[in-house]
Amino acid sequence: MDLSPNPALEPFRKDVREFFESEYPQDIRAKVATGASLTTAEVRKSEMALGAKGWLASAWPQEYGGPGWGLEEQYIFDEELERAGIPTVTPMGVIYVGPIFYTFGSDAQKEKWLPGTRDGSLGWAQGYSEPDSGSDLASLQFSAKRDGDEYVLNGTKIWTSAAQHADWIFILARTSKEEKKQMGISFICSEMDRPGVTLKPIITIDGKHVLNMVIFDDVRVPADYLIGEEGKGWTYSQYLLGFERTSYARIGGKRKQLSHIRALATAEPTGGNRKLIDDDAFARKLTDAELAVDGLEMTVLRVLSAVKDGGSPGKEASIIKILATETAQQITTLYLDVAASHGQRKFDDSVSPDWTGHTAYAAPGVSTYFGARAQSIYGGTNEIQKNIIAKRVLGL
Ligand SMILES: Cc1cc2nc3c(=O)[nH]c(=O)nc-3n(C[C@H](O)[C@H](O)[C@H](O)COP(=O)(O)OP(=O)(O)OC[C@H]3O[C@@H](n4cnc5c(N)ncnc54)[C@H](O)[C@@H]3O)c2cc1C
């Protein structure tokens, strides 16, 4: 496989870079650089800036308003986005549910949800997990009962990322009890501000508010919020998970973190005149992490080139999920070496830290380390991905 940059795409890279450095809202970029979390208005502003350019739904087919980029353009775009420190696109809308709408939705549903999802004006959350259903998702109990022209939704979703920024949520709900539990599950949408929806924030060990519990108490939604056929939700959700698991790669962001760690370790003495980079054990760990990113990049390109025709990445996406999340954890562990004893200071999300030196960087770096531990849990734990690889890729 030829991994060298394609000179024909250099003008495209230049255009993307210029957009991020001038047209894109620079106040958002500056806030992200401090490590502080964005407000809902700032998330919308960032995504609508990409949407106005036609670049938010970067992987959608042109027929549905995508930019018509090939794999290489998408790859360059993601690389430049992360290099410029632009917040990663909230995946629940354009990456996860958008392809479900244009693949399985009715014409009316496409008309209702595709434009706002594509231009960034609608925020989405993913309501799959429940307090007693995570890895064994098919055991979910959240219920949707048909009542005339409506469904009545009852139950609790948990670990719902970014639900505080969302206007809508897509849900897996049980519409019937079948012998094969996957068969009675349906895929339904709801506004987050419907009467009977309650959101409870969950603050995690990295000091951030990303997660939520979302409780539905007799919430009525129109029956045409059901996607596709009743009882087929499991099939649609599996299609979606292929996109979800491939989206973890984030090569550009990983390279940015590595060069940041290298710069911090090279800049400041850790005691006497010695710099952290002079420590052989640290230098070896840093090089190992850099090589892991190269290996990850080759695997991603191999898997993605197999789905050039626009299909779902499928079961091979599990390989990327494991590699990408383990590499993220390997990289962010280096922040602990950088932080050393300064890492004991608690990260305060409401204060904009000064990131210029390793002492100042310690608290946000350790927060990043803690945040990355969750990567091998969400999107289906890495143990579950290994089961998928054993059964469906290797046929064991
Ligand atoms: C930061 C974060 C964000 C998330 N965002 C969302 C979201 O937006 N929407 C959403 O719906 N969910 C979300 N989740 C939930 C996530 O998908 C679940 O946490 C995950 O699927 C695991 O489920 P669980 O937490 O119930 O753990 P469990 O399923 O109880 O698993 C506990 C442990 O047992 C292991 N295990 C379980 N079954 C097996 C098996 N068969 N073989 C081997 N090992 C097994 C697991 O690997 C794990 O180590 C998020 C989670 C986190 C941490």
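Residues numbered from 1 in each chain as written. Predicted model: local features only at pLDDT ≥ 70, side-chain atom pairs only at ≥ 80, totals over all residues. Heavy atoms only, no water.

### What to know about the overall build of the protein chain
Basically, it comes down to this: Numbering goes from the N terminus for both helices and strands, where a helix is a DSSP run of H or I of at least four residues and a strand is a run of E of at least two. Exposed residues in this analysis have more than 50% of their type's maximum accessible area, buried residues have under 20%, and partly exposed residues fall in between, with area computed by a 1.4 Å probe over protein chains only. Only heavy atoms enter the contact rule, under which two residues are in contact if any of them lie within 4.5 Å. Per-residue and other accessible areas follow the Shrake-Rupley method at a 1.4 Å probe size, with only the shown protein chains counted as cover for residues. For this count, His and the chain ends are skipped, Lys and Arg are scored as positive, and Asp and Glu as negative. Taken as the charge centre is NZ of Lys, CZ of Arg, CG of Asp or CD of Glu, depending on the residue.
Helix and strand counts for the protein chain stand at 12 helices and 10 strands. Projected onto the principal axes, the alpha-carbon positions of the protein chain cover approximately 75 × 50 × 50 Å. Looking at the protein chain as a whole, 48% of its 396 residues are labelled buried. For the protein chain, the proportion of contacts with a sequence separation of at least 24, taken over those separated by at least 6, is 73%. With an accessible surface of roughly 18500 Å², the protein chain has 53% of that area assigned to carbon and sulfur atoms. For the protein chain, the separation between the mean place of its 44 positive charges and that of its 53 negative charges on side chains is 3 Å.

### Brief notes about the site of the ligand
Which entries qualify depends on this criterion: Any residue with at least one heavy atom within 4 Å of a molecule or strand is counted as near it. Polar contact criterion, stated in full: a pair of N or O atoms within 3.5 Å, where within protein one must be able to donate a hydrogen and the other to accept it, and residues adjacent in sequence count only if both atoms are side-chain atoms. Residues were grouped as follows: Ala, Val, Leu, Ile, Met, Phe, Trp, Tyr, Cys and Pro as nonpolar; Asp, Glu, Lys and Arg as charged; and all remaining residues, including Gly, as polar. Note that the domain bounds reflect an automated or database-derived domain assignment.
Lining the immediate surroundings of the ligand are 17 residues, of which Ser 135, Trp 159, Ser 161, Thr 381 and Glu 383 lie closest. Contact distances for the ligand include 2.9 Å between an oxygen atom and a backbone N or O atom of Tyr 128. No other element matches the 3 residues that helix 12 (residues 382-393) contributes to the shell around the ligand. In terms of residue class, the shell around the ligand is made up of 7 nonpolar, 9 polar and 1 charged. Residue-level mapping places the shell around the ligand at the junction of two domains, with at least three residues from each of domain 2 (124-231) and domain 3 (248-393).

### Structural notes on the packing of helix 5 (residues 91-104) against helix 6 (residues 107-119)
When two helices pack together, their arrangement is given by the angle between the helix axes and by the axis-to-axis distance. Rules: To obtain each axis, a line is fitted to C-alpha atoms, and for helices this fit is confined to the stretch in contact; angles are then taken between N-to-C directions over 0 to 180 degrees. In what follows, roughly perpendicular refers to angles from 65 to 115 degrees, roughly parallel to angles under 35, roughly antiparallel to angles over 145, and oblique to any angle outside these ranges. Helix crossings fall into two classes, left-handed where the near helix is turned counterclockwise from the far one by less than a right angle and right-handed where it is turned clockwise.
Here helix 5 crosses helix 6 at 155°, and the two axes come no closer than 10 Å. The pairing of helix 5 with helix 6 is recorded here as roughly antiparallel in orientation. Here helix 5 and helix 6 pass one another in a crossing that is left-handed. Touching Gly 93, Val 94, Gly 98, Phe 101 and Tyr 102 of helix 5 are Lys 110, Trp 113, Leu 114, Thr 117 and Arg 118, all from helix 6. Among the residues forming the contact of helix 5 with helix 6, the class breakdown is 5 nonpolar, 3 polar and 2 charged.

### Some thoughts on the pairing of strand 6 (residues 197-203)
Look at any regular strand and the pattern is simple: side chains alternate between the two faces of the sheet. Filter applied, for reference: Think of it this way: DSSP has to see at least two bridges between two strands before they count as a pair.
Direction of pairing for strand 6 relative to strand 7 (residues 209-222): antiparallel, over a ladder of 7 bridges. Its bridge partner lying in strand 7, Val 197 is registered against Phe 216. Taking the residues between adjacent antiparallel strands as the criterion, strand 6 and strand 7 are bridged by 5 residues, where Gly 207 takes a positive phi near 85°.

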